[in-house]
Amino acid sequence: IPELYARLSSVLSSMGVVYEVVFVDDGSDDCSQELLAKLHDETSNVVVVELARNFGHQSAISAGLRIAKGNVVAVMDGDLQDPPEALPHLLTEVRNGYDVAYAIRRKRKEGIIKRFCYSMFYRVLRLLADIDIPQDVGDFCVMSRRVVDVLNALPERGLFIRGIRSWVGFSQIGIEVEREARSAG
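For the structure given in this document, a descriptive report is provided here.

Basis of the calculations
- Numbering of residues starts from 1 in each chain and follows the order in which that chain's sequence is written.
- Whole-chain, interface and lining totals are the exception, using all residues; otherwise, since this is a predicted model, local features are given only for residues with pLDDT of at least 70 and side-chain atom pairs are given and counted only at 80 or more.
- The basis for every side-chain value is the complete set of non-hydrogen atoms in the structure, without hydrogens or water.
- Strands here mean DSSP runs of E at least two residues long; helices mean DSSP runs of H or I at least four residues long; both are numbered from the N terminus.
- One less than the residue count of a helix, multiplied by 1.5 Å, gives the span that helix is expected to have.
- Buried residues are those whose accessible area, probed at 1.4 Å on protein chains only, stays under 20% of the maximum for their type, while exposed residues exceed 50% and partly exposed ones sit between those limits.
- We call two residues in contact when some of their heavy atoms are within 4.5 Å.
- Side-chain atoms within 4.5 Å are what join buried Ala, Val, Leu, Ile, Met, Phe, Trp, Tyr and Cys residues into a set we call a nonpolar core.
- Nitrogen and oxygen atoms within 3.5 Å of one another constitute a polar contact, given that in protein one can donate a hydrogen and the other can accept it, and given that sequence-neighbouring residues count only through two side-chain atoms.
- Only one rule defines a salt bridge in this text: a Lys or Arg side-chain nitrogen within 4 Å of an Asp or Glu carboxyl oxygen.

## Considerations on helix α1 (residues 2-15)
Here is step 1: Relative to the 20 Å expected for 14 residues at 1.5 Å per residue, α1 spans 20 Å between its end C-alpha atoms, a close match to the ideal helical length.
Here is step 2: Of all the positions in α1, only Leu4, Tyr5, Arg7, Leu8, Ser9, Val11 and Leu12 are classed as buried.
Here is step 3: Contacts from the buried residues of α1 go to β1 (21-25), α2 (32-42), β2 (46-50) and α4 (87-95).

## Describing the nonpolar core
Here is step 1: Grouped together as the largest cluster of nonpolar side chains are 23 residues, with contacts concentrated most on Tyr5, Phe23, Leu87 and Phe140.
Here is step 2: Broken down by secondary-structure element, the contributors of at least two residues to this core are α1, β1, α2, α4, β4 (100-107), β5 (137-144) and β6 (172-178).
Here is step 3: Per-element accounting of this core gives the leading share, five residues, to α1.
Here is step 4: In this structure, Ile61, Val100, Val137 and Ile161 belong to the second largest nonpolar core, which totals 19 residues.

## Considerations on the side chain of Gln58
Here is step 1: Looking at the element boundaries, Gln58 is found in helix α3 (residues 57-67).
Here is step 2: Of the polar contacts made by the side chain of Gln58, one reaches the side chain of His57; its length is 3.1 Å.
Here is step 3: A distance of 3.0 Å separates the side chain of Gln58 from the side chain of Asp139, its partner in a polar contact.
Here is step 4: With residues up to four places along the chain from it excluded, the contact list for Gln58 reads Asp139, Leu159, Phe160, Ile161 and Arg162.

## Here we look at the pattern of salt bridges
Here is step 1: Across all of its chains, the model carries six salt bridges by this definition.
Here is step 2: Between Glu3 and Arg7 there is a salt bridge whose closest N-O contact spans 3.6 Å. Placement of the pair is Glu3 and Arg7 together in helix α1, with a separation of four residues, close to one helical turn.
Here is step 3: Its relative accessible area of 44% is what places Glu3 among the partly exposed residues.
Here is step 4: On the basis of relative accessible area, Arg7 is assigned to the buried category, the value being 17%.
Here is step 5: With a closest N to O distance of 2.7 Å, Glu85 and Arg7 form a salt bridge.

## A word on the environment of Ala103
Here is step 1: Mapping Ala103 onto the fold places it in strand β4.
Here is step 2: Classification of Ala103 by relative accessible area gives buried; the value is 6%.
Here is step 3: Considering only alpha carbons, one finds Ala103 and Leu159, 56 residues apart in sequence, at a separation of 19 Å.
Here is step 4: If we ignore the near neighbours within four places in the chain, the residues touching Ala103 are Leu90, Asp136, Val137, Gly138, Phe140, Ile175 and Val177.

The following block contains the structure:
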């Protein structure tokens, strides 16, 4: 958590943007709550959402989207697989007129079995889904406020964010990003 925040604040400060960082603690059973509480107390631009239990990754993202106030909202995992240093590239595309700029995983650092399973998941999903969900894409993205507002207005719960953000129909672009090895979590 401290490394993630340090890297995020370094990147965002160098861009000269006003920002808030929303951390969603999805019922962790480690020291995350204490670290987040300390960071919140020390930093005025940190918002912490503590879920009562682990509701799952997509529910945690949905909770963060409901809290985020920015004109542009980034979604990324807290395990540092999504490099904060890629945010300027994604943000540039949103500033250029796209409503969503999402990261395409150029390299995965997982083992061969896990990479094969991910590859098969995306191919099967593409065959079964009625919408075009790009392959090798995760939740790491930057979205305009109007996309976030539409996602938040949907009556569904437990959204599959990368699918539903394609389904809502706003202009999107993928940017290749080298995914880092999982730091923790």
